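# Report on the structure
What follows is each chain in one-letter form.
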Amino acid sequence: MIDLPVAPTRAERQRKPDWLRVKLPIGPDYKRVRKLVDEYQLHTICQSGNCPNMGECWGAGTATFMILGNVCTRSCSFCAVKTGRPTEYDEDEPRRVAEAIDLMQVKHAVLTSVNRDELKDRGAEIWYQTVRQIKARTPQTTIETLIPDVRGNWNALYRMIDGGQEVVSHNMETVEELYRKVRPQGRYHRSLEELRRIKEAGKRTKTGFMVGLGETEEQVERILDDLAAVGVDVVTIGQYLQPTAMHLAVDSFVTPDTFAHYKALGMEKGFDFVESGPLVRSSYHAERHL
């Protein structure tokens with residue numbers, strides 16, 4: 001083990017460090033994408049999740065689309081997406097998403113969704129149809145699907161990932177020891193099993209998790225070992241940022257040097273890509289992960 005710089009604790013910090021400052025989204029490309037998203041009544045995790053990279057990504061004409069509504073059946077303590085009982089189920093959504101991606105001239109699209117535990121198929125049919133309609137309309141567009149926890153409904157999983165997407169991602173979110181606090185309705189080993197099945201189905205497999213929630217370096221190394229064991233290809237590691245006062249507080253702001261160490265550690269374990277940095281999110285630089 002090496003000695004790493006110690007980041008400020010929750011009690012010690014007064015404000016976000018300089019490395020977490022981002023510019024407000026501006027510019028004609030950002031405005032064009034925003035107009036299309038509004039016009040086609042689409043949800044994006046960029047907006048719902050308060051992503052700090054929205055200006056950079058939308059300024060480049062890309063976005064991560066969130067299908068199946070913007071109300072989630074889970075109540076994770078880190079996430080800004082609304083929680084409750086969803087009412088939205090729009091069978092026309094796949095067409096609208098495909099048309100918007102065509103108009104935006106997206107080369108690599110990322111799709112994600114809320115959890116829809118109340119649906120028997122967990123929303124798998126909408127997932128499948130959205131990917132198929134994108135491929136039918138713009139076959140040159142490559143696709144990453146960031147799918148939710150299917151709660152062990154493996155038939156739903158296989159339908160979700162059978163549409164022809166190039167990358168399938170499912171986020172672990174945090175280390176095993178913090179699951180009860182961070183992701184109370186999730187199960188660490190169930191998510192690992194989901195990733196294992198995705199890989200065995202022949203898909204390029206990706207996951208992400210956050211730091212700054214109180215995890216230790218040893219726990220980070222263990223999750224990397226677990227991910228390597230189930231064949232994950234790409235890992236993203238980013239700083240947790242508290243979305244509202246009602247969510248978990250940040251335990252520490254992890255330093256850029258520590259993120260660099262985690263990246264090197266992950267590459268040593270054999271992953272194809274490790275995106276590790278304070279502002280890294282699941283779909284950051286997604287086009288590089290094909």
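A brief report on the enclosed structure follows. (Residues numbered from 1 in each chain as written. Predicted model: local features only at pLDDT ≥ 70, side-chain atom pairs only at ≥ 80, totals over all residues. Heavy atoms only, no water.)

### Looking at helix 4 (residues 93-104)
The terminal C-alpha atoms of helix 4, which comprises 12 residues, lie 16 Å apart, in line with the 16 Å expected from a rise of 1.5 Å per residue. Buried residues dominate helix 4, accounting for 9 of its 12 residues. Restricting attention to buried positions, one finds in helix 4 the residues E93, P94, R96, V97, A98, E99, A100, I101 and M104. Immediately downstream of helix 4, the backbone of Q105 shows phi near 60°, a positive value. (Helix = DSSP H or I, 4+ residues; strand = E, 2+ residues; numbered from the N terminus. Expected span 1.5 Å × (residues − 1). Buried < 20%, exposed > 50% of the residue type's maximum accessible area, 1.4 Å probe, protein only.)

### Quick notes on helix 8 (residues 188-200)
Because each turn of an α-helix spans 3.6 residues, side chains separated by three or four positions in sequence point in the same direction. Here helix 8 is 13 residues long and its end C-alpha atoms lie 19 Å apart, about the 18 Å a rise of 1.5 Å per residue gives. Contacts made by the buried residues of helix 8 are with helix 6 (154-160), strand 7 (167-169), helix 7 (179-182), strand 8 (204-211) and helix 9 (217-229). Following helix 8 by one or two positions, G202 has its phi on the positive side, about 95°. (Contact = heavy atoms within 4.5 Å.)

### Description of the pairing of strand 10 (residues 273-277)
Within strand 10, 4 of the 5 residues are buried, which leaves it mostly tucked inside the rest of the structure. Handedness of the crossover joining strand 9 (residues 234-239) and strand 10 through helix 10 (residues 256-268) is recorded here as right-handed. (Right-handed = clockwise from strand over helix to strand, strands pointing away.)

### Quick notes on the packing of helix 8 against helix 9
Viewed as axis vectors pointing N to C, helix 8 and helix 9 meet at an angle of 35°, and their least axial separation amounts to 10 Å. Mapping the contact onto sequence places Y188, L192 and L195 in helix 8 and R222, I223, D226 and L227 in helix 9. Per-class residue counts for the contact of helix 8 with helix 9 are 5 nonpolar, no polar and 2 charged. (Axes fitted to C-alpha atoms, helices over the stretch in contact; angles between N-to-C directions. Nonpolar A, V, L, I, M, F, W, Y, C, P; charged D, E, K, R; others polar.)

### Observations regarding unusual backbone geometry
Despite not being glycine, Q105 shows a phi value in the positive range, around 60°. Structurally, Q105 is set in the loop between helix 4 and strand 5 (108-113). Despite not being glycine, R151 has its phi angle at roughly 55°, a positive value. Within the fold, R151 resides in the loop between strand 6 (142-146) and helix 6. On the basis of relative accessibility, which here comes to 37%, the residue R151 falls in the partly exposed class.

### Here we look at the packing of aromatic side chains
All told, the structure shown has 1 aromatic pair when counted by the stated rule. Taking 5.5 Å as the distance between ring centres and 90° as the angle between the ring planes, the aromatic pair formed by Y179 and Y188 counts as edge-to-face. What makes Y179 buried here is its relative accessible area of 5%. When its relative accessible area of 5% is taken as the criterion, Y188 is described as buried. (Phe/Tyr/Trp six-rings, centres within 6.5 Å; stacked < 30°, edge-to-face > 60°.)

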